[in-house]
Amino acid sequence: MDVIIDELKNKCHNRLGRNHFAVIFRHKKLRWNEKLAFTMNMAVQRCGKWTIHAEEAALKKCMDNNKKAKSLKIDILVVRLSKDNTLGQSLPCTNCVNFMSKIQSTHDIVIKNIYYSACCGTIYKEKFCDIANSDKIHPSTGFCRRPNV
Ligand SMILES: [Zn+2]
């Protein structure tokens, strides 16, 4: 896991306001070179000003890259990095968790574990189903500003 975080820090060195990253791995194969998808949160400007969260973008990318994959089991790593490369709280927001649940029900994908960074610099691991059923998740302020929702 440390190797992956270092890799993210290197990748994201010169980023501009992009501080939220998601990497998708095959379940239990958390190796950077074998990742299925990697995204940063990005502003979608052509249809107004909101951001697609990294988790959501990574899942979409993962599905595009693995259209023919059957029964894909995945682990998702979500990391927030500040400008000085310290880890921040990145538990997926309600919107992203709902999106993940939807993907599971409509695609042949099972989300096993979510790894997320916390303010103290640790990476936590939780089962997706536990997160989806917990009251810890919260609506993100970015998402609340999104139109048509
Ligand atoms: Zn989110």
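Provided above is the structure to which this section pertains.
We now turn to the structure provided with this report. (Residues numbered from 1 in each chain as written. Predicted model: local features only at pLDDT ≥ 70, side-chain atom pairs only at ≥ 80, totals over all residues.)

Structural notes on the pairing of strand 7 (residues 109-117)
So, point 1. The pairing of strand 5 (residues 72-81) with strand 7 spans 7 bridges and is parallel. Residue pairing across strands places Leu72 opposite Ile109, the latter belonging to strand 7.
So, point 2. For strand 7 and strand 8 (residues 123-127), the ladder comprises 5 bridges, and the chain directions are antiparallel. The residue bridging Ser117 from the neighbouring strand is Ile123, located in strand 8.
So, point 3. Counting the residues that bridge the hairpin from strand 7 to strand 8 gives 5 residues, and of these Gly121 lies at a positive phi of roughly 95°. (Pairing = 2+ DSSP bridges. Helix = DSSP H or I, 4+ residues; strand = E, 2+ residues; numbered from the N terminus.)

A few points about the environment of Ile114
So, point 1. Relative to the helices and strands, Ile114 resides in strand 7.
So, point 2. With 26 C-beta atoms counted inside 10 Å, the residue Ile114 sits in the buried group.
So, point 3. Separated by 40 residues in sequence, Ile114 and Ile74 place their C-alpha atoms 9.1 Å apart.
So, point 4. The contact partners of Ile114, leaving out residues within four places of it in the chain, are Ile76, Val78, Pro92, Glu126, Phe128 and Ile131. (Buried ≥ 20, exposed ≤ 12 C-beta atoms within 10 Å, placed from the backbone. Contact = placed C-beta atoms within 7 Å.)

Regarding the packing of helix 2 (residues 54-65) against helix 3 (residues 94-106)
So, point 1. Where helix 2 contacts helix 3, the two axes come as close as 9 Å, and the packing angle between them is 20°. One element, helix 2, and the other, helix 3, form an angle in the roughly parallel class. Regarding helix 2 and helix 3, the two cross each other, and that crossing is left-handed. Taking contact as the criterion, the partners of Glu55, Glu56 and Leu59 in helix 2 are, on helix 3, Cys96, Phe99, Met100 and Ile103. (Axes fitted to C-alpha atoms, helices over the stretch in contact; angles between N-to-C directions. Parallel < 35°, antiparallel > 145°, perpendicular 65-115°, else oblique. Left-handed = near helix turned anticlockwise from the far one by under 90°.)

Topic: the nonpolar core
So, point 1. Judged by nonpolar contacts, the single largest core of 31 residues is most densely connected at Ala22, Val23, Ile24, Ala58, Ile74, Ile76 and Val78.
So, point 2. Of all the elements in the fold, those that place two or more residues in this core are strand 1 (20-26), strand 2 (37-40), helix 2, strand 5, helix 3, strand 7 and helix 4 (128-132).
So, point 3. The leading source of residues in this core is strand 5, at 6 residues.
So, point 4. Once you skip the residues sitting within four places of it in the chain, Ala58 turns out to touch Ala22, Val23, Ile24, Ala37, Phe38, Thr39 and Ile76. (Core = buried A, V, L, I, M, F, W, Y, C linked by C-beta atoms within 7 Å.)

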